[in-house]
Amino acid sequence: MKLVGEINKIRTEKGLQSLSPDPGLSVVARERAEDMARKGYFSHQPPDGCDFRCLLSKQGVPMAWAGEIISWNNAPLEQSVPMSIGGWRNSATHYGIITNCQFTRMGTGAAIAPDGRVYHVALFEGNSPGCPPG
């Protein structure tokens, strides 16, 4: 839940509404993080080809406008979330996803690989009415 709070902090700094945590999105985010940790890859395209959109569909999670951000680091657990948030905040692409006004809900997941890497995944979904397309 720490990721949720930090992501919503970024959104409120930008004058956007906080995102509602969504259990279905969190299940898929955890699945994505665990898959990367278990198989030792870091990509939006998993080896089996079933990306987050595919997994959301398989789980029956409704999706209109969706996005995914991922990160990994070797930081101690208490520093892992701030490190991921800092990286996302300093990346124009990731920051743009976090602050996309279309999104209304999110799910997060994390997993620790056997080598100690911590993987974070945040999934976003929504179709906010009145939000100008960006």
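None of the values given here were measured: they were computed from a predicted structure.

Enquirer: What exactly am I supposed to notice about the pairing of strand 3 (residues 105-112) here?
Expert: Along any regular strand, the residues point their side chains to alternate faces of the sheet. Burial analysis of strand 3 places six of its eight residues in the buried class, the great majority of the element. When strand 1 (residues 20-21) meets strand 3, the two strands line up parallel, connected through two bridges. Among the inter-strand pairings, P21 is bridged to a residue of strand 3, identified as M106. The pairing of strand 3 with strand 4 (residues 118-126) spans eight bridges and is antiparallel.

Enquirer: Even after reading the chapter, I still don't get the state of the cysteines, so can you show me in this structure?
Expert: A covalent bond between the sulfur atoms of two cysteines is referred to as a disulfide. What the rule picks out here adds up to one disulfide. Each sulfur of the disulfide joining C50 and C54 lies 2.0 Å from the other. Because the sign of the S-S torsion sets the handedness, a value of about -95° for the bond joining C50 and C54 places this disulfide among the left-handed ones. Accessibility expressed as a relative area gives 7% for C50, which makes it buried.

Enquirer: Teacher, can you tell me more about the sheet that holds strand 1 here?
Expert: Within a sheet, each strand pairs with its neighbour through backbone hydrogen bonds, oriented either parallel or antiparallel. As summarised here, the arrangement of the four strands in space is 1-3-4-2, forming an open sheet in which the pairing is mixed. The open sheet terminates on both sides in strands that have one partner only, identified here as strand 1 and strand 2 (65-73). Contacting strand 1, strand 2, strand 3 and strand 4, helix 2 (residues 23-39) runs over the sheet at an angle of about 30° to strand 3. Most of the contacts of helix 3 (residues 52-59) go to strand 2, to which it runs at about 120°, and overall it touches strand 2 and strand 4.

Enquirer: Even after reading the chapter, I still don't get the nonpolar core, so can you show me in this structure?
Expert: Nonpolar side chains in soluble globular proteins generally cluster together in the buried interior. Judged by nonpolar contacts, the single largest core of 19 residues is most densely connected at M36, L56, Y119, V121 and L123. Sorting the residues of this core by element identifies helix 2, helix 3, strand 2 and strand 4 as the ones contributing at least two each. Those residues in contact with V121, other than ones at most four positions away along the chain, are L3, A29, R32, A33, M36, E68, I69, I70, G107, T108 and G109. Among the nonpolar cores identified, the runner-up in size contains 15 residues, and L3, V4, I85 and M106 belong to it.

Enquirer: What is the right way to read the packing of aromatic side chains from this model?
Expert: Geometrically, a pair of aromatic rings is defined through the distance of the ring centres and the angle of the planes. Here the structure, examined in full by the defined rule, presents two aromatic pairs. Relative to Y119, the ring of F42 has its centre 6.5 Å away and its plane inclined at 40°; by these criteria the two rings are tilted. Taken together, the positions of F42 in the loop between helix 2 and helix 3 and Y119 in strand 4 put the pair 77 residues apart, joining distant regions of the chain. Residue Y119 is classed as buried on the basis of its relative accessible area, which comes to 1%. Sitting over the face of the ring of W72, R117 holds its NZ or CZ atom 4.0 Å from the ring centroid.

Conventions we followed
- Residues numbered from 1 in each chain as written.
- Predicted model: local features only at pLDDT ≥ 70, side-chain atom pairs only at ≥ 80, totals over all residues.
- Heavy atoms only, no water.
- Buried < 20%, exposed > 50% of the residue type's maximum accessible area, 1.4 Å probe, protein only.
- Helix = DSSP H or I, 4+ residues; strand = E, 2+ residues; numbered from the N terminus.
- Pairing = 2+ DSSP bridges.
- Disulfide = S-S within 2.5 Å.
- Contact = heavy atoms within 4.5 Å.
- Axes fitted to C-alpha atoms, helices over the stretch in contact; angles between N-to-C directions.
- Core = buried A, V, L, I, M, F, W, Y, C linked by side-chain atoms within 4.5 Å.
- Phe/Tyr/Trp six-rings, centres within 6.5 Å; stacked < 30°, edge-to-face > 60°.
- Lys NZ or Arg CZ within 6 Å of the ring centre and 35° of its normal.

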